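Remarks on the overall topology
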Amino acid sequence: MYDKNSKKDWLGSAITAALGAGIVTTFAISQGQHPLMAFGITGFAVAATLLFDHFMP
């Protein structure tokens, strides 16, 4: 019923996660958050998205 061997778009997932987290962290930087912390949050969001994309059916 479902295509178990479907190719996943990892690049699209990573870009979407980076854009979403980047918007939020840009606002946080404008409120005084340290930029390295913001980049860390964005990186974590991208890594988590790629892991979920890889392991979820």
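Up top is the structure.
Quantities reported herein were computed from a predicted structural model and do not represent experimental measurements. (Residues numbered from 1 in each chain as written. Predicted model: local features only at pLDDT ≥ 70, side-chain atom pairs only at ≥ 80, totals over all residues. Heavy atoms only, no water.)

A short note on the overall build of the protein
Looking only at helices and strands, the protein has two helices and zero strands in total. For the protein, the proportion of its 57 residues judged to be buried stands at 19%. As displayed, the protein offers around 4,800 Å² of accessible surface, 73% of which is attributable to carbon and sulfur atoms. (Helix = DSSP H or I, 4+ residues; strand = E, 2+ residues; numbered from the N terminus. Buried < 20%, exposed > 50% of the residue type's maximum accessible area, 1.4 Å probe, protein only. Areas by Shrake-Rupley, 256 points an atom, 1.4 Å probe, with all protein chains shown as cover.)

Things to note about the environment of L50
Mapped onto the elements, L50 comes out in helix α2 (residues 35-55). Between the C-alpha atom of L50 and that of D9, which follows or precedes it by 41 residues, the distance is 9.7 Å.

Looking at the environment of A21
Within the secondary structure layout, A21 lies in helix α1 (residues 10-30). Looking at A21, the relative accessible area reads 12%, which means it is buried. Considered as a pair, A21 and F39 are 18 residues apart in the sequence and their alpha carbons are 9.1 Å apart. Residue contacts for A21: discarding those within four places in its chain leaves T42 and A45. (Contact = heavy atoms within 4.5 Å.)

Quick word on α2
For α2, which comprises 21 residues, the first-to-last C-alpha distance of 30 Å matches the rise-based estimate of 30 Å (1.5 Å per residue) to within 8%. Residues of α2 that are buried in the fold lie against α1. (Expected span 1.5 Å × (residues − 1).)

Keep in mind that these numbers describe shape and distance, not what the molecule does.
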